[in-house]
Amino acid sequence: MPAAQSQQTPHLLADYRPYPFEIRQVRLDFALDPKATVVQAALDMERVLAGDLVLDIGAGVILHRLAVDGVDLTPADWTRAAETLTIHAALPARFTLQSEVTIDPSANTAFEGLYLSNGMFCTQCEAEGFRHITPYPDRPDVMAPFEVTIHSDLPVLLSNGNPLREEPGLAVWQDPWKKPAYLFALVAGDLRAVSGEFTTMSGQSVDLNVWVRPGDEPRAGYALDSLIRSMKWDEEAYGREYDLDVFNIVAVDDFNMGAMENKGLNIFNSKLVLASPETATDGDYERIEGVIGHEYFHNWTGNRITCRDWFQLCLKEGLTVFRDQQFTADMRSAPVKRINDVLTLRARQFREDQGPLAHPVRPESYIEINNFYTATVYEKGAEVIGMLKTLIGDDSYRRALDLYFDRHDGDAATIEDWLKVFEDATGRDLTQFKRWYTDAGTPILTMTEDWDADAGRLTLRFTQSTPPTPGQQDKPARVIPIAVGLLSPNGDEVVPTTVLEMTEAAQDFTFDGLATRPMVSALRGFSAPVVLKRDLSASDRAFLLAHDTDPFARWEAARELARDTLLAMIRGAAPDAEYLAAIGRLLADPALDPAYRALCLKLPAEEEIATAVSDAGGVPDPDAIHAAREALASEIARSHQSALEAVYQDSVLTGSFSPDADSAGKRSLRLAALGLLNHIDGGEHAAALYASANNMTERAAALAALIAAGRGDTEVKAFYNEFKNVRLVIDMWFMLQPLNTEPAQAVAVARGLAAHPDFDWKNPNRFRALIGGLTANHAAFHAADGSGYDFLADWLLKMDPLNPQIAARMSSAFDSWRKYDPARQEKARAALDRILATPKLSKNLSEMVTRIRNAA
Ligand code: B3K
Ligand code: ZN
């Protein structure tokens, strides 16, 4: 067993104990210095239960002084263990605990706690980063008001809450709202603000600032605009008002994830703030809007009401994702948003649920909590709330949420608290529903039909079963809301959307009074995160694609047709004529939203096809999958060349660039057409577009197409030269090459790029761009010679000692290794074993790789 494993003690939900002390007030004082920042803390504490005073403290924190009510303690009064500090001195009922420590932000390569990014001080404390700043009960159920003093010569000094005092070299911030330590933030640097103002529904004025590095101001406007729309939306949709005088957002270049909802001081990966038509794609704009919304919405769902412990992470994340999805649906196209969310859910969460990393939406055990910021907690967590809303209806949902905010404001709450609110607001018993939180795995739902022509009755027979997941063998039946509608043979809707509530392992639902046998449109709007299995012919699917009134189900019909066509092609069949004809009709239907048409034209990703192969009991062959997908794209292009040309020409936008949803939708259709034509025109359209495009959406797509067509060398060089000073665009450059290069050459391309002087691999965005670009190229990552696996393993091992969170996160690319053939499995196993045999692995990476390696 590798050494790291022996230090891995799992934390268990069942072990939760309340903290014996409350903190009435926190006062922090920072004397900032890149190498030796001195942090003084004064915590006004009060005992509320029996028990030791135990604080968390990171290994790198140098402790100089501890005092109780001004009286110094001696080292004999405390014990310092790996990450804790236990104080033995006798303590009065109320006392002030003071500490003084030194920390070294310049040595902080893990970007957890206080660190430096391009000379700017910044922090990341979720989940357990605050302990690397000062000794503290670093757990979310300890909430307190903070006052923070910052000493530094840097021009901008920020922390949570409202500014209290500012003078040269000093700033004092006061956050009146009690909060857990993970929401603490501090920023100091040479920053410029792009500012605005928002008046809340009760008439309070709030100063808004988006802080960026000098020169980046012209790219911060969209983030500010998104913030204003988020604030307004939360008032209208949820009645939630902002609660401080200022709201600050800071863009940081070195950041482990997307963004962080620190109270009043959100810190963002610059990728999710900075945008201009020349440097950002439509996808970037949409993500900026969504994530600005997400972090803002956390102010109520996460900050005002936080989590009792990290097992309850989905309480804030699932709900906040659900809210940001609603926001984007309202700002843009709701059907397109829903389809995109389902695509992400299936690609990331279903994959997780079906592999060695499967865990419940509310896990019951973890070694490293940062490994549980997963698609299951976030995206499935959001789906579960969507199901609740579907089951109880919009009005009851709103009543339940009002009650939640009322009852739990200021609390560190649990999933039990959350469900109780819904039970109290609706009178429903949610005992069975709770299984969505406690049981891992994606239910398989089968549907068969029984048509009684004499009685005019249709019976829908459903069965559900959930495959075992690690540590959970038996899965009792869950509540599944199944939205269905019935269409008559001429395409009219005879029964509009009805939600069937399935609670048994097998259950029938009947529809009477039908004149003719209808076509069933099932799981409309993707009403539950399940895999639906039903026997449908290609012509049934083509019928649904032509007539279904539910946009999701209609898209799903196109998707299933494409999937089945691809599966048949892998087995040697020719492309399905029914599918090709259906695609032709869709392409030419001007009544359909362009963004929606673009989604219907997109073929399933190779990874998705691989999953479909293994779901059907086969072993995916990545090369055959790649070849079939390429062949189908070529065939679509050949069969519909003139229609694609027409779409490509007709959807040219004139005038100046606008990132709005309609314009973005038109571009996405145009680029979907380009992507198909690229298979038969040798890259001609792409080359012309690359030369003429005035925006990054089209340029990046053209560059990707040229690389895929094997003729991008000149443009790849030109792109680099043009953008070499725009960090985020160069990230894209590092990603597009390994992602779009023909699989046989992609690993070599990635290795070459890894040696490029600009491959600043310690920067998380750059690392993710290159390494993630390769792992997302399915046939390249799964190269038969194991070179993709080796490449990933090499880089995980290099990253792990510096930044364990990034290494651990990227390791999940290995999680499907058991699906492939024995020879590939052998290579993947060797790479995983090589990682596990490396001394001093972080607990982050060792937990991940151990779980992946032990896959059954
Ligand atoms: N709450 C943060 C994520 C923190 C991740 C810590 N490893 C961002 C978000 O979900 O809004
Ligand atoms: Zn979040």
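Since this is a predicted model, take the numbers as computed values, not measurements.

## Section: the overall build of the protein chain
Here is step 1: The helix and strand tally for the protein chain stands at 28 helices and 31 strands.
Here is step 2: Scaling as 2.2 N^0.38, a compact globule of 856 residues should have a C-alpha radius of gyration of about 29 Å, and the protein chain matches this with 28 Å.
Here is step 3: Structurally, the protein chain occupies a C-alpha span of about 85 × 65 × 60 Å along its principal axes.
Here is step 4: Looking at the 856 residues of the protein chain, the share that counts as buried comes to 60%.
Here is step 5: When contacts within the protein chain are restricted to residue pairs at least 6 apart in sequence, long-range pairs at least 24 apart make up 70% of them.
Here is step 6: Taken as two groups, the 84 positive and 121 negative side-chain charges of the protein chain have centres that lie 2 Å from each other.

## Quick look at the domain arrangement of the protein chain
Here is step 1: Domain boundaries in the protein chain define domain 1 (12-273), domain 2 (306-438), domain 3 (444-551) and domain 4 (724-856).
Here is step 2: On a C-alpha basis, the centroid separation for the pair domain 1 and domain 2 is 26 Å.
Here is step 3: Contacts between the two partners involve 25 residues from domain 1 and, on the opposite side, 33 residues from domain 2.
Here is step 4: Between domain 1 and domain 2, roughly 2400 Å² of surface is buried when both sides are summed, and carbon and sulfur atoms account for 56% of that area.
Here is step 5: For domain 1, the biggest contributors to the area lost against domain 2 are Leu13, Trp233 and Tyr238; these three give 32% of the whole.
Here is step 6: Counting the contacts that link domain 1 with domain 2 gives three salt bridges.
Here is step 7: The tally of links between domain 1 and domain 2 comes to 12 residue pairs in polar contact (both at pLDDT 80 or more).
Here is step 8: No other element matches helix α2 (residues 221-238), which puts nine residues into the side of domain 1 that touches domain 2.
Here is step 9: Considering only residue class, the side of domain 1 that touches domain 2 consists of 12 nonpolar, three polar and 10 charged.

## Describing the environment of Ala505
Here is step 1: Position of Ala505 relative to the elements: it lies in the loop between β28 (493-502) and β29 (506-511).
Here is step 2: Taking relative accessible area as the criterion, Ala505 reaches 44% and is therefore assigned partly exposed.
Here is step 3: Setting aside anything within four residues of it in sequence, one finds Ala505 in contact with Phe462, Thr463, Gln464 and Ala477.

## Structural notes on the coordination of the zinc ion (ligand 2)
Here is step 1: Around the zinc ion (ligand 2), the protein contributes the donor atoms His294 (NE2), His298 (NE2) and Glu317 (OE), which lie 1.9 to 2.1 Å from the metal centre.
Here is step 2: Between consecutive donor residues of the zinc ion (ligand 2), the sequence gaps follow H-x3-H-x18-E. One end of the pair, His298, is in the loop between α3 (282-297) and β22 (306-307); the other, Glu317, is in helix α4 (residues 313-331), and 19 residues separate them in sequence.
Here is step 3: When its relative accessible area of 1% is taken as the criterion, Glu317 is described as buried.

## Things to note about the confidence of the model for the protein chain
Detailed reading of predicted coordinates is not advised where the pLDDT is low.
Here is step 1: Across the protein chain, the average pLDDT comes to 97, with 99% of residues at 70 or higher.
Here is step 2: Low pLDDT, under 50, characterises residues 1-6; the stretch is placed with four contacts to residues that sit more than four places away or in other chains.

## Digging into the pairing of strand β19 (residues 246-252)
Here is step 1: Across the seven residues that make up β19, a large majority, seven, are buried.
Here is step 2: Along β19, one buried face is formed by Val246, Asn248, Val250 and Val252 and the opposite face, lined by Phe247, Ile249 and Ala251, is buried too.
Here is step 3: Note: strand β18 (residues 205-212) against β19, five bridges, orientation parallel. Each residue of the ladder has a partner; that of Leu208, found in β19, is Phe247.

## As for the sheet that holds strand β30 (residues 519-522)
Here is step 1: The strand order β28-β27-β30 describes an open sheet built from three strands, whose pairing is antiparallel. Unpaired on one side and paired on the other, β28 and β30 mark the two borders of the sheet. Put simply, the sheet's adjacent strands are angled 25° from each other on average, direction ignored.
Here is step 2: Relative to β30, strand β27 (residues 480-487) runs antiparallel, the two sharing four bridges. If you follow Gly485 over to β30, its bridge partner there is Ser521.
Here is step 3: Relative to β30, helix α10 (residues 538-547) is tilted by about 70°, and along the sheet it contacts β27 and β30.

## Quick notes on the site of ligand 1
Here is step 1: If you check the shell around ligand 1, you find 14 residues, and the closest are Glu126, Glu261, Glu295, Asn370 and Tyr378.
Here is step 2: A distance of 2.6 Å separates a nitrogen atom of ligand 1 from a polar side-chain atom of Glu126.
Here is step 3: Protein contacts shield 94% of the accessible area of ligand 1, which totals 340 Å² for the unbound molecule.
Here is step 4: Every element with two or more residues in the shell around ligand 1 is listed here: β20 (259-260), α3 and α4.

## Points about unusual backbone geometry
Excluding glycine, residues mostly carry a negative phi; peptide bonds, for their part, are mostly trans.
Here is step 1: The omega torsion of the bond from Glu126 to Ala127 falls at 0°, within 30 degrees of zero and hence cis.
Here is step 2: Topologically, Ala127 is positioned in the loop between β11 (120-124) and β12 (144-151).
Here is step 3: Of note in the backbone geometry, Leu523 takes a positive phi value of approximately 55° without being a glycine.
Here is step 4: Tracing the sequence through the fold places Leu523 in the loop between β30 and β31 (531-533).
Here is step 5: For Phe526, which is not glycine, the phi torsion reads 50° and is therefore positive.

What counts and what doesn't
Residues numbered from 1 in each chain as written. Chains lettered and ligands numbered in written order. Predicted model: local features only at pLDDT ≥ 70, side-chain atom pairs only at ≥ 80, totals over all residues. Heavy atoms only, no water. Helix = DSSP H or I, 4+ residues; strand = E, 2+ residues; numbered from the N terminus. Rg over C-alpha atoms; globule rule 2.2 N^0.38 Å. Buried < 20%, exposed > 50% of the residue type's maximum accessible area, 1.4 Å probe, protein only. Contact = heavy atoms within 4.5 Å. Lys, Arg positive; Asp, Glu negative; His and termini not counted. Charge placed at Lys NZ, Arg CZ, Asp CG, Glu CD. Domains from an automatic or database assignment. Buried area = accessible area lost by both parts, 1.4 Å probe. Salt bridge = Lys/Arg side-chain N within 4 Å of Asp/Glu carboxyl O. Polar contact = N/O pair within 3.5 Å; in protein donor to acceptor, adjacent residues only side chain to side chain. Nonpolar A, V, L, I, M, F, W, Y, C, P; charged D, E, K, R; others polar. Donors = N, O, S within 2.8 Å, 3.2 Å for Na, K, Ca; no water. pLDDT = per-residue confidence, 0-100. Pairing = 2+ DSSP bridges. Axes fitted to C-alpha atoms, helices over the stretch in contact; angles between N-to-C directions. Near = heavy atom within 4 Å. Areas by Shrake-Rupley, 256 points an atom, 1.4 Å probe, with all protein chains shown as cover.

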